[in-house]
Amino acid sequence: MSNWDDKAKRLLKSEMVKRGYTNTDLVGLLNEIGLEETKASIDSKISRGSFSATFLLQCLAVIGCHKLEIEDYENQLLMVAEPNEPYKTSKK
């Protein structure tokens, strides 16, 4: 699983938890707007984290999430970047 898939999964799950929704609740809400989803399909999509942007937006809309706080990914990427200083090697 890619790091971005994990972030997408955590984002959706955290917004559901904030609002008190379970995957079972999400199935019912999605069915109400005409999407034919099962609990197994929802569990699988969220577990993988590799769902479409459309699915994410549909889920966020039905749980009443209208604003998101997105992490600063640029700073996280800088933490694992190569150092600006050259590596020190021992001379033999």
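Read on for a plain summary of the structure. As the structure is a prediction and not an experimental result, all values here were calculated from the model. (Residues numbered from 1 in each chain as written. Predicted model: local features only at pLDDT ≥ 70, side-chain atom pairs only at ≥ 80, totals over all residues. Heavy atoms only, no water.)

A few words now on the nonpolar core. Among the nonpolar cores identified, the biggest contains 18 residues, and Leu-12, Leu-26, Leu-30, Ile-42, Phe-55 and Ile-63 are the most heavily contacted of them. If you list the elements that add at least two residues to this core, you get α1 (3-19), α2 (23-32), α3 (39-48) and α4 (53-62). When sequence neighbours within four positions are dropped, the list of residues in contact with Ile-63 reads Glu-15, Met-16, Arg-19, Tyr-21, Leu-26 and Leu-29. (Core = buried A, V, L, I, M, F, W, Y, C linked by side-chain atoms within 4.5 Å. Buried < 20%, exposed > 50% of the residue type's maximum accessible area, 1.4 Å probe, protein only. Helix = DSSP H or I, 4+ residues; strand = E, 2+ residues; numbered from the N terminus. Contact = heavy atoms within 4.5 Å.)

It is possible for side chains bearing opposite charge to pair when their charged atoms get close. This structure, assessed with the given rule, holds 6 salt bridges. A salt bridge links Arg-19 to Glu-15, with the nearest nitrogen and oxygen atoms 2.5 Å apart. Here Arg-19 and its partner Glu-15 are both found in helix α1, 4 residues apart, which amounts to about one turn of the helix. Judged by relative accessible area, which is 4%, Glu-15 ranks as buried. With its nearest N and O atoms 2.8 Å apart, the salt bridge here joins Glu-37 to Lys-45. In this structure Glu-37 comes out as buried when scored by relative accessible area, which is 16%. (Salt bridge = Lys/Arg side-chain N within 4 Å of Asp/Glu carboxyl O.)

Of note is the side chain of Glu-15, whose polar atom sits 3.0 Å from the side chain of Lys-18. If we ignore the near neighbours within four places in the chain, the residues touching Glu-15 are Leu-60, Ile-63, Cys-65 and Leu-68. (Polar contact = N/O pair within 3.5 Å; in protein donor to acceptor, adjacent residues only side chain to side chain.)

Another point: the environment of Gly-49. Tracing the backbone shows Gly-49 in the loop between α3 and α4. We classify Gly-49 as buried; its relative accessible area is 2%. Sequence separation between Gly-49 and Leu-12 is 37 residues, and the spatial gap between their C-alpha atoms is 9.0 Å. Not counting residues up to four positions away in its chain, the partners in contact with Gly-49 are Asp-5, Ala-8 and Lys-9.

What follows covers α2. Listing the buried residues of α2 in full gives Asn-23, Leu-26, Val-27, Leu-29 and Leu-30. On the buried face of α2, the contacting elements are α1, α3 and α4. Of the residues trailing α2, Gly-34 is marked for its positive phi of about 95 degrees.

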